[in-house]
Amino acid sequence: MRVVVALGGNALLKRGEPMTAENQRINVRVAAPALAAVAKDHQVVLSHGNGPQVGLLALQAAAYKDVDPYPLDILGAQTEGMIGYVLEQELGNAMPPDVPLATILTMVEVDPEDPAFQDPTKFVGPIYGESDALALTNEKGWVFKPDGDHWRRVVPSPEPKAIFEIRPIRWLLEQGTVLICAGGGGVPTMFLPEARTTLVGVEAVIDKDLASELLARQVDADLYVMATDVDCVYADWGTPQQRPLAEVTVEELRALSFPAGSMGPKVEAACRFVEQTGGRAAIGALTQIQQIVDGEVGTQVIAKKEGS
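What counts and how
- Residues numbered from 1 in each chain as written.
- Predicted model: local features only at pLDDT ≥ 70, side-chain atom pairs only at ≥ 80, totals over all residues.
- Heavy atoms only, no water.
- Helix = DSSP H or I, 4+ residues; strand = E, 2+ residues; numbered from the N terminus.
- Expected span 1.5 Å × (residues − 1).
- Bend = angle between axes of the 7 residues up to and from the residue.
- Buried < 20%, exposed > 50% of the residue type's maximum accessible area, 1.4 Å probe, protein only.
- Pairing = 2+ DSSP bridges.
- Salt bridge = Lys/Arg side-chain N within 4 Å of Asp/Glu carboxyl O.
- Axes fitted to C-alpha atoms, helices over the stretch in contact; angles between N-to-C directions.
- Parallel < 35°, antiparallel > 145°, perpendicular 65-115°, else oblique.
- Left-handed = near helix turned anticlockwise from the far one by under 90°.
- Contact = heavy atoms within 4.5 Å.

Participant: So what's going on with helix 2 (residues 21-41)? Residues and values would help.
Facilitator: For helix 2, built from 21 residues, the straight-helix expectation of 30 Å at 1.5 Å per residue is met to within 8% by its first-to-last C-alpha distance of 30 Å. Along its length, helix 2 reaches its greatest deviation from straightness, about 35 degrees, at Ala32, and the proline Pro33 lies no more than four positions downstream. The set of residues buried in helix 2 consists of Asn23, Gln24, Arg25, Asn27, Val28, Ala31, Ala32, Ala34, Leu35, Ala36, Val38 and Ala39.

Below is the structure:
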């Protein structure tokens with residue numbers, strides 16, 4: 001199969017863990033053998049989240065007062081290189097030396113009129129207590145929303161419309177390359193309104209799961225996996241009635257509600273992929289990636305169940 005695996009930013013950097021380069025490398029090194037095993041039997045395309053990393057870079061940029069802070073599109077491009085480098089190196093260490101790997105800096109088009117610019121929902125950066133979040137709001141004008149028991153910065157997350165590097169991505173896949181692309185949802189870009197000839201960056205972070213779903217469709221993937229730090233999707237999460245969802249249809253998923261800032265985009269991305277392709281999508285823990293690909297664990301999203 002051709003499998004697109006979207007690695008969650010919180011799967012690469014555990015929740016609450018110090019955001020050091022060494023911690024991220026250790027987490028990737030732990031995950032690499034399982035990803036390499038999947039790549040042995042299937043053609044693999046990897047994307048990755050960047051919420052914790054781009055938030056950290058934004059904090060670092062804001063701390064240097066002599067120049068204006070770098071915008072989110074530039075920071076997103078930095079994370080594509082940084083995380084892609086570590087993924088490519090550690091995967092290469094876990095795979096036969098003759099397997100080609102490549103990381104592609106990927107720009108993704110967004111619509112400047114997207115309503116997401118008026119309602120930020122994408123979590124970036126570390127977790128904060130309420131008082132620290134309020135202080136940063138007053139100091140930097142950032143928007144914060146609750147994330148579990150903590151607070152995190154939120155930024156606009158517009159819909160991905162087009163992947164500009166899709167042709168070289170397809171060319172590399174035709175040559176058997178294990179590819180890392182569309183990291184962090186891709187670098188958000190748009191055409192200037194007066195003419196569709198000039199691209200500019202956008203102050204936003206595209207949802208990685210929705211961008212990876214677009215990627216999965218455009219490379220004709222058979223399976224789209226979202227690997228995160230939870231074992232599956234839960235209905236009624238956080239209540240006494242919560243229950244895990246194993247094999248589930250798009251219709252069943254769409255009848256439920258999920259938080260917009262966390263599981264909601266994953267569920268939406270899974271539903272879109274299955275609806276558009278008739279293929280299979282899955283959501284589960286990175287530590288169980290082989291079993292997820294084999295359909296044994298995680299939430300497996302299908303068009304319809306046998307006999308229905």
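Participant: Describe the pairing of strand 6 (residues 143-147), naming the residues involved and giving the relevant values.
Facilitator: Inspection of the sheet shows strand 6 paired to strand 7 (residues 150-155) by 5 bridges, in the antiparallel sense. Across the sheet, the residue bridging to Asp147 is His150, located in strand 7. In textbook terms, the turn of a hairpin is the stretch between consecutive antiparallel strands, and for strand 6 and strand 7 this stretch comprises 2 residues, one of which, Gly148, has a positive phi near 70 degrees.

Participant: Describe the pattern of salt bridges, naming the residues involved and giving the relevant values.
Facilitator: Under the definition given, this model contains 14 salt bridges. Between Asp207 and Lys122 there is a salt bridge, with its nearest N and O atoms 4.0 Å apart. Taken together, the residues Asp207 in the loop between strand 11 (199-201) and helix 7 (208-218) and Lys122 in strand 5 (residues 122-128) connect sequence positions 85 residues apart. This pair shows no difference in class: Asp207 is buried, exactly as Lys122 is.

Participant: Which residues make up the packing of helix 7 against helix 9 (residues 263-277), and what values go with them?
Facilitator: Contact geometry of helix 7 with helix 9 gives a least axis separation of 8 Å together with a crossing angle of 15 degrees. With respect to helix 9, the axis of helix 7 lies roughly parallel. For the crossing formed where helix 7 meets helix 9, the hand is right-handed. Residues Lys208, Asp209, Leu210, Glu213, Ala216 and Arg217 of helix 7 touch helix 9, and the partners they reach there are Pro265, Lys266, Glu268, Ala269, Arg272, Phe273, Gln276 and Thr277.

Participant: An account of the pairing of strand 12 (residues 223-228) is requested, with residue identities and associated values reported.
Facilitator: Of all the 6 residues making up strand 12, 6 are buried; the element is thus mostly covered by neighbouring parts of the structure. Neither face of strand 12 is open: one carries Leu223, Val225 and Ala227, the other Tyr224, Met226 and Thr228, and all of them are buried. Looking at chain direction, strand 1 (residues 2-7) and strand 12 are connected through 5 bridges and run parallel. Following the sheet pairing, Ala6 is matched in strand 12 by Met226. Alignment of strand 12 against strand 16 (residues 280-285), held across 6 bridges, turns out to be parallel. Paired with Ala227 across the two strands is Gly284, which belongs to strand 16.

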